[in-house]
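Listed here are the chains, written in short residue letters.
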Amino acid sequence: MTALKSPFRPATPADAAVLAELVNHAGESLPLYLWDKMKEPGETAWDVGLRRAARDEGAFSYRNAVMIEHDGRAAGALIGYGIADEPEPVAADIPPMFRPLQELENLATGTWYVNVLAVLPAFRNLGLGGRLLTVAEEIGRADGKTGMSIIVSDANAGARRLYERLGYRFVAERPMVKEDWLNPGHNWLLLVK
């Protein structure tokens, strides 16, 4: 990974609670909906998110997160990964909620995919999201990727404005499959740079 300088730092297990909150913000509450389905007896959905953030392995692990601090506090996070140059076949058994997301990822081959980008509400409008995207681009270049990609809900106008202001452009959309998940959006949008 790219060497990080203050206010950026690698996440640690101590960041698990704030990381779970940030992942839920970035995922438009879809993570909390899914964690609720994964909880064990005696657990809350947030317990599942905390457990998953604190683990050493898996895509949603503190080990894959970059934190940004403001006034000495964790204020935001970034998680991403490189997408292969050839699209992954969409598995026949993929849960329907994830099919449109995988289809959009498959349109962004060869890019570095920003899977999670979130800033806590108390720290928004300070430029931290843009700074996290700049770090994402540095990591993507270091990973040998020549482009960037991100997926956002069509209802998240603020995030889309940020991405477009920083050079991302709309490429494709797929309808959301919501099951019982409550979200004002109708479509997932793929933006690339």
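Up top is the structure these notes are about.
Being a predicted model, the structure only gives us computed values, none of them experimental.

**Description of the nonpolar core**
L19, L78, V114 and Y163 are the most contacted members of the largest nonpolar core, which totals 46 residues. Residue contacts for L19: discarding those within four places in its chain leaves A53, F60, S61, Y62, A65, M67, A77 and I79. In terms of nonpolar packing, the next biggest core, distinct from the first, is built from 15 residues, Y113, I151, W188 and V192 among them.

**Considerations on the packing of aromatic side chains**
The description of an aromatic ring pair uses the distance of the two centres, along with the angle that the planes make with each other. Enumeration according to the criterion identifies five aromatic pairs in this entry. Centroid distance W181 to W188: 5.8 Å. Interplanar angle 10°. Geometry classified as stacked. Side by side, W181 and W188 carry an identical accessibility label, which is buried. Following the ring pairs from residue to residue traces out a cluster consisting of W35, W46 and F60.

**Describing the sheet that holds strand β7 (residues 187–192)**
Read from one edge of the open sheet, seven strands run β1-β2-β3-β4-β5-β7-β6, paired in mixed fashion. Looking at strand neighbours, the two that pair on one side only are β1 (8–10) and β6 (169–175), the edges of this open sheet. Taking the axes of each pair of neighbouring strands and ignoring which way they run, one obtains an average angle of 30° across the sheet. Sheet topology note: the strand β3 (residues 73–82)/strand β4 (residues 111–119) ladder contains seven bridges and is antiparallel. In the sheet register, G82 faces β4, and the bridge partner there is W112. Taken strand by strand, helix α1 (residues 16–26) contacts β2 (65–70), β3 and β4, and its axis lies near 110° from that of β4.

**Let's talk about the side chain of N183**
Relative to the assigned elements, N183 resides in the loop between β6 and β7. We classify N183 as buried; its relative accessible area is 10%. Side chain to side chain, N183 and E28 meet in a polar contact 3.5 Å long. A polar contact of 2.6 Å, which involves the side chain of N183, links it to the backbone nitrogen of G185. N183 has contacts with E28, S153, M176 and K178, leaving out every residue within four places of it along the chain.

**Observations concerning the pattern of salt bridges**
By the definition in use, this model includes eight salt bridges. Note that R9 is salt-bridged to E69, the shortest N-O span being 2.6 Å. Pair noted here: R9 is in strand β1 and E69 is in strand β2, with a separation of 60 residues, a long-range link. For E69, a relative accessible area of 27% translates into the label partly exposed. K39 serves as the salt-bridge partner of D36, at 2.8 Å between the closest nitrogen and oxygen. Judged by its relative accessible area of 38%, D36 falls in the partly exposed class. Through salt bridges that share partners, R9, D15 and E69 make up one connected network.

Thresholds, definitions, all that
Here the residue numbering is sequential within each chain, running from 1 through the sequence in written order. For a predicted model such as this one, the threshold for reporting local features is a pLDDT of at least 70, and the threshold for listing and counting side-chain atom pairs is 80 or more; totals across whole chains, interfaces and linings nevertheless cover every residue. To get the side-chain values, all heavy atoms of the structure are used, and hydrogens and water are removed first. The criterion is simple. A nonpolar core is a set of buried Ala, Val, Leu, Ile, Met, Phe, Trp, Tyr and Cys residues joined through side-chain atoms within 4.5 Å. The buried label goes to any residue with under 20% of its type's maximum accessible area, the exposed label to any with over 50%, and the partly exposed label to all in between, with areas taken from a 1.4 Å probe on protein chains only. Contacts are residue-level and defined by heavy atoms, with any inter-residue pair within 4.5 Å sufficient. To pair, rings of Phe, Tyr and Trp, with the six-membered ring standing in for Trp, must have centres within 6.5 Å; the planes then decide the type, stacked if under 30 degrees apart, edge-to-face if over 60, and tilted in the middle. If DSSP finds at least two bridges between two strands, the strands pair. For the purposes of this entry, the term helix denotes a DSSP run of H or I that reaches at least four residues, the term strand denotes a run of E that reaches at least two, and both are numbered from the N terminus. In this analysis, axes come from line fits to C-alpha atoms, helices being fitted only over the stretch in contact, and the angle between any two N-to-C directions falls in the range 0 to 180 degrees. In the analysis that follows, any N or O atom pair within 3.5 Å is treated as a polar contact, provided that within protein one partner can donate a hydrogen and the other can accept it, and provided that, for residues neighboring in sequence, both atoms belong to side chains. Salt bridge, as used here, is a side-chain nitrogen of Lys or Arg placed within 4 Å of a carboxyl oxygen of Asp or Glu.

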